[in-house]
Number of protein chains: 2
Amino acid sequence: MAAIKPSLAKGTRDFSPAEMEKRNYIFNTLKTVFKKFGYNEIQTPSFENLSTLTGKYGDEGDKLIFKILNSGDYLSKVSDEQLTERNSNKLIPHITEKALRYDLTVPFARYVVMHQNDIALPFKRFQIQPVWRADRPQRGRYREFYQCDVDVVGSDSLLNEAEFILIYQEALQALGLKDFTIKINNRKILSGIAEIIGKPELIVDMTVAIDKLDKIGLAGVNKELLERGFTNEDLETLKPIIELQGSNEEKLSQLKTVLATSENGLKGIQEIEEVFAYVKAFAGEQILPKFVEVDITLARGLNYYTGCIFEVKTNEVAMGSIGGGGRYDDLTGMFGLKGLTGVGVSFGADRIYDVLEELNLYPESNSTNTKVLIINFDKTLESFTLPLLASLRQSGVAAELYPTAAKLKKQMSYADAKRIPYVLLIGDEEKESGLLSLKNMESGEQVKVSKEDLIAQLS
Amino acid sequence: MAAIKPSLAKGTRDFSPAEMEKRNYIFNTLKTVFKKFGYNEIQTPSFENLSTLTGKYGDEGDKLIFKILNSGDYLSKVSDEQLTERNSNKLIPHITEKALRYDLTVPFARYVVMHQNDIALPFKRFQIQPVWRADRPQRGRYREFYQCDVDVVGSDSLLNEAEFILIYQEALQALGLKDFTIKINNRKILSGIAEIIGKPELIVDMTVAIDKLDKIGLAGVNKELLERGFTNEDLETLKPIIELQGSNEEKLSQLKTVLATSENGLKGIQEIEEVFAYVKAFAGEQILPKFVEVDITLARGLNYYTGCIFEVKTNEVAMGSIGGGGRYDDLTGMFGLKGLTGVGVSFGADRIYDVLEELNLYPESNSTNTKVLIINFDKTLESFTLPLLASLRQSGVAAELYPTAAKLKKQMSYADAKRIPYVLLIGDEEKESGLLSLKNMESGEQVKVSKEDLIAQLS
């Protein structure tokens, strides 16, 4: 076997111990919050039947799904005609029947349908697993990345929406973020706007265009709206709506006037007001003005949302959205189970990772790492150091004995590289006196401690 | 989009909240032990370049690797000849360049080689991730399953081997297992045996045959040895070795006599003796006779082991091995980095899951689940129940308010199905008196408590 120089598959990453620690810190913080709100964890398989995924993400999405080649003689059932046609797309269903998970929502819908007799509704689940997309890799965009989704199906109560605002607030604060905005909109408000313009059939075109306000400005949005079939008169009607100003209350109040003739639109406003009332009853008056902003330009590409829509941005670092979600009225319809409403949000773990890195918000103390390294001066000392090592571990202290009597410098470098905070120097003198030399690797300070004091101090 | 009845891809599983809880219990228990012994977590991507994996698992293994079809027009670079030849195997490298992880060892070797300048040797890592194999699914064998590997590279000290015995002992006991056997052998002893028979070149044939002693008995092993080129005289020499009896000390002592002329064999015995000396120095005399057994029929299919070999069996349930591993002298040679020795073991999480299930060893209390459900009698009560809910969560209590004022029976079923241990019944009376009715769902007992007592009791 010839030695090859190994490399990573394009768009994928290794995670080192230091990175894993930070990632686990984020995941564990999120999980703790999710559980406090009554959400339970599920996992689904990494690959699904191709038919489960195909057609759920649009034509562009379908292309980005990684397909798994059938095992064995996968060509045996392909006709000569199919082969020589050389149509890559048409050949796919004949040589693949499985594909890697593209998001967590479709597998969750499949899960709910398949397990509908075992689950109690409302079903509150969270799911933190990798997904795979055949995107062109670029800075911050990977072909394998984790999604953290938290959803409830089978309850149309707006208490759920309110709780997602609280989940975002509590989770992001628990991670150390101080200044962030949870934007809220409602699909029914967008429908209402399209209605009063008299072009309800163009709602998707309208939302796609105004969703880009942040990026291309009003002029750009207007240009796109004209291209998509709106008139200059429509733009006049839309302008004050798109440029809505003031507090949340002021915005909602203005919208009520504008949308007075649209039942749909008023319903959307009322839903947001009810969500806000829940948040206030739960957490007082201060949360909403501080963290929540009504933003009717918020549409989010996915147009399966039917009620409230969320998106979260940090204001401390320049970064795209770090989370989003909304309500969808028919999550499981694609698998034949009609009428099950759901609402959920997700956290963008990779972006949150970068934000915490930039703001230096990871906890200083490395709780999962080895706490003390016993220097190995001589094999004959092992009859003393090994029982000590056992005692440390019995007290729950992560501890190591350097496995050979290597040079001191090498052993100290090992402690350094592994960021081990304490080193125990045990020679014949220490063995006889029972007083151990404990060195603090950060301060350089060295003290003599008894075995009992050592364990008390480190555990 | 036509509704299709969804199903799982063959050989894969969903994990429900109750199953996730049990799986996380196992993984967290293992991780705690691994960390105490100084091992850190890493993760590698789910797919690797095909060239990283091909040729590492033998021809049979190669066939079981799931290949990922190239994206886009994957046929465009395939010649007409290659297509019409209809050779599935030969076509693979032309239409796929990525494949799903087959085990954690090869990606770990790649990791070590690629990160050799960033890691401190000895590098102690654990890794708990799924792997995928295109095996025919059957009871207990899945196409997606987790491996839990813990390995150290860059240290030839037998202290590492001793610590793996201690890791097995501590982890399995922490999971509640009482009676298990950690079998140990040494590849050098097997080499020694092949040497004294005078057929060192047949060592693989010999080990493959005697590895089956448990399954096919001595007669079966002998039959296979004859077929593989051994003579009846060889069988006579082998018999007392294969049927070695007595305590570990007695076995090692007999082996010393038998292998007196084999330097290799004596080295293997000496290695086991040194491992045992470490275990005794660390944990006293009792561990070895209770949990560790020298078993020279232990070979394990993989023939890359060069030193000690381990395998673990539970004696409480009929079940194959629940773990195994050993030392390999040249882990990273396949990627061009020579001379790096490693030793590691793995835990069979799926089998351990079944063992704990059968022995009813999962902790009773469900620490990750919702602790209390507030029954929703009437929307008007929410001004009282929502702040209470907030207080409970602020004290770290996982709590829910049923999202609508549904029928009491429905809300109680929800608590039941979700195994929520307490239910709070709050009506107008409770709201006014401030004394809340707390019902224990298991005992049925119902008491009146103040808000403060409630929080103190549940947190």
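None of these values were measured; they are calculated from a predicted model. (Residues numbered from 1 in each chain as written. Chains lettered and ligands numbered in written order. Predicted model: local features only at pLDDT ≥ 70, side-chain atom pairs only at ≥ 80, totals over all residues. Heavy atoms only, no water.)

Caption draft 1: Representation of the overall build of chain A within the structure. Scanning chain A from N- to C-terminus turns up 19 helices and 16 strands. Rg of the C-alpha trace for chain A: 29 Å, well past the compact-globule value of 23 Å for 459 residues, more than 25% over. Projected onto its principal axes, the C-alpha coordinates of chain A cover approximately 90 × 70 × 45 Å. The proportion of buried residues among the 459 residues of chain A is 57%. Residue pairs in contact within chain A that sit at least 24 positions apart in sequence constitute 68% of those at least 6 positions apart. Working note: accessible area of chain A is about 19300 Å², and carbon and sulfur atoms make up 48% of it. Taken together, the 56 basic and 65 acidic charged side chains of chain A have centroids lying 5 Å from each other. (Helix = DSSP H or I, 4+ residues; strand = E, 2+ residues; numbered from the N terminus. Rg over C-alpha atoms; globule rule 2.2 N^0.38 Å. Buried < 20%, exposed > 50% of the residue type's maximum accessible area, 1.4 Å probe, protein only. Contact = heavy atoms within 4.5 Å. Areas by Shrake-Rupley, 256 points an atom, 1.4 Å probe, with all protein chains shown as cover. Lys, Arg positive; Asp, Glu negative; His and termini not counted. Charge placed at Lys NZ, Arg CZ, Asp CG, Glu CD.)

Caption draft 2: Just the relation of the copies chain B and chain A, in detail. Each copy superposes on the other: chain B lies on chain A with an RMSD of 0.1 Å after a rotation of 180° and an axial shift of 0.0 Å. Within this description, the copies of the chain are treated as partners about a two-fold rotation axis. Residues of chain B ranked by C-alpha distance from the rotation axis are headed by I68 of chain B, positioned 2.2 Å from it. Most of the interface of chain B is mirrored in chain A: 100% of its interface residues are interface residues there too. (Least-squares fit on C-alpha atoms with pLDDT ≥ 70 in both.)

Caption draft 3: Summary view of the nonpolar core. One finds F347 and L392 of chain A together with F347 and L392 of chain B to be the most contacted residues of the largest nonpolar core, which totals 263 residues. Setting aside its immediate chain neighbours within four residues, F347 of chain B contacts L30, F34, C148, V150, I167, Y168, A171, L172, I322, G323 and I352 of chain B. (Core = buried A, V, L, I, M, F, W, Y, C linked by side-chain atoms within 4.5 Å.)

Caption draft 4: Main features of the sheet that holds strand β12 (residues 372–374) of chain A. All names here are of chain A. Taken in spatial order, the five strands line up as β13-β12-β14-β15-β16 in an open sheet, and their pairing is mixed. Two strands close off the open sheet at either side, each with one partner strand: β13 (399–401) and β16 (446–450). Strand-to-strand twist in this sheet, taken as the mean axis angle between neighbours without regard to direction, amounts to 30°. Judged from the three bridges that link them, β12 and strand β14 (residues 422–425) form a sheet pairing that is parallel. (Pairing = 2+ DSSP bridges. Axes fitted to C-alpha atoms, helices over the stretch in contact; angles between N-to-C directions.)

Caption draft 5: Fine view of the interface of chain B and chain A. Counting from both sides, the interface comprises 109 residues of chain B and, opposite them, 109 residues of chain A. Surface buried jointly by chain B and chain A totals about 9000 Å² across both partners, of which 59% is contributed by carbon and sulfur atoms. Of all residues in chain B, K36, R86 and R393 of chain B give up the largest surface area on contact with chain A, accounting jointly for 8% of the area buried on that side. On inspection of chain B and its partner chain A, the count reaches ten salt bridges. Measuring nitrogen to oxygen at the nearest pair gives 3.4 Å for the salt bridge that ties K379 of chain B to E274 of chain A. In terms of residues, the side of chain B that touches chain A owes the most to one element, helix α16 (residues 382–394) of chain B, which gives six residues. (Buried area = accessible area lost by both parts, 1.4 Å probe. Salt bridge = Lys/Arg side-chain N within 4 Å of Asp/Glu carboxyl O.)

Caption draft 6: Geometry of unusual backbone geometry. Following L121 of chain A, the chain continues to P122 of chain A via a peptide bond in cis, the omega torsion being -5°. As for its position among the elements, P122 of chain A is in the loop between α6 (105–114) and β5 (123–132). The phi dihedral of R419 of chain B falls on the positive side, at around 55°, and the residue is not glycine.

Caption draft 7: Inspection of the sheet that holds strand β12 (residues 372–374) of chain B at higher detail. Residue and element names in this part refer to chain B. Spatially, the five strands line up as an open sheet ordered β13-β12-β14-β15-β16, and their pairing is mixed. For this open sheet the edge positions go to β13 (399–401) and β16 (446–449), each flanked by a neighbour on one side alone. When strand polarity is set aside, the average angle formed by the axes of neighbouring strands in this sheet is 25°. With three bridges connecting them, β12 and β13 associate as parallel partners. Opposite I374, over in β13, you have L401 as the bridge partner.

Caption draft 8: Looking closely at the pairing of strand β6 (residues 144–153) of chain A. Residue and element names in this part refer to chain A. Within β6, ten of the ten residues are buried, which leaves it mostly tucked inside the rest of the structure. In this sheet, β6 lies alongside β5 in antiparallel orientation, the contact comprising ten bridges. Within the sheet, the bridge partner assigned to F123 lies in β6 and is V153.

Caption draft 9: Region of the structure containing the confidence of the model for chain A. With 98% of its residues at a pLDDT of 70 or more, chain A has an overall mean of 93. Listed scores for the predicted complex are pTM 0.94 and ipTM 0.94. (pLDDT = per-residue confidence, 0-100.)

Caption draft 10: How the structure looks around the pairing of strand β9 (residues 308–314) of chain B. Residue and element names in this part refer to chain B. Where burial is concerned, most of β9 is hidden: six out of the seven residues are buried. In this structure, strand β7 (residues 180–186) lies alongside β9, joined through seven bridges in antiparallel fashion. The partner of I184 across the bridge, within β9, is F310. Pairing geometry for β9 and strand β10 (residues 323–328), over four bridges, is antiparallel.

Caption draft 11: Up close: the pattern of salt bridges. In total, this model carries 66 salt bridges over all chains according to the counting rule given. A salt bridge links R228 of chain B to D205 of chain B, with the nearest nitrogen and oxygen atoms 2.9 Å apart. Note that R228 of chain B is positioned in the loop between α10 (213–227) and α11 (232–242) and D205 of chain B in helix α9 (residues 203–210), a separation of 23 residues in sequence. Its relative accessible area of 28% is what places R228 of chain B among the partly exposed residues. Note on D205 of chain B: relative accessible area 22%, which makes it partly exposed. Salt bridges sharing common partners tie together D205, K212, E224 and R228 of chain A.

Caption draft 12: Inspection of the environment of V294 of chain B at higher detail. All names here are of chain B. Examined against the element boundaries, V294 turns out to sit in strand β8 (residues 292–294). As a C-alpha pair, V294 and E249 span 45 residues in sequence and 8.9 Å in three-dimensional space. Not counting chain neighbours up to four residues away, the residues in contact with V294 comprise I184, N248, K251, L252, I272 and F276.

Caption draft 13: Quick look at the packing of aromatic side chains. The full count for this structure, using the stated rule, is 26 aromatic pairs over all chains. A ring pair is formed by F27 of chain A and Y146 of chain A, whose centres lie 5.3 Å apart and whose planes are at 35°; its orientation type is tilted. Of this pair, F27 of chain A sits in helix α1 (residues 17–36) while Y146 of chain A is found in strand β6, placing the two residues 119 residues apart along the sequence. With relative accessibility at 17%, the residue Y146 of chain A sits in the buried group. Seen in terms of ring centroids, F180 of chain B and F291 of chain B are 4.4 Å apart; in terms of plane orientation they differ by 15°. Their pairing is stacked. One end of the pair, F180 of chain B, is in strand β7; the other, F291 of chain B, is in helix α14 (residues 287–291), with 111 residues separating them in the sequence. Accessibility expressed as a relative area gives 0% for F180 of chain B, which makes it buried. (Phe/Tyr/Trp six-rings, centres within 6.5 Å; stacked < 30°, edge-to-face > 60°.)

Caption draft 14: Quick peek at the side chain of N70 of chain B. Residues and elements named next belong to chain B. Position of N70 relative to the elements: it lies in the loop between β3 (67–69) and α4 (80–84). You can call N70 buried: its relative accessible area is 16%. Reaching out from N70, the side chain makes a polar contact with the backbone nitrogen of E97 at a distance of 3.1 Å. Apart from the residues lying within four places of it in its own chain, the contact partners of N70 are H94, I95, T96, E97 and K98. (Polar contact = N/O pair within 3.5 Å; in protein donor to acceptor, adjacent residues only side chain to side chain.)

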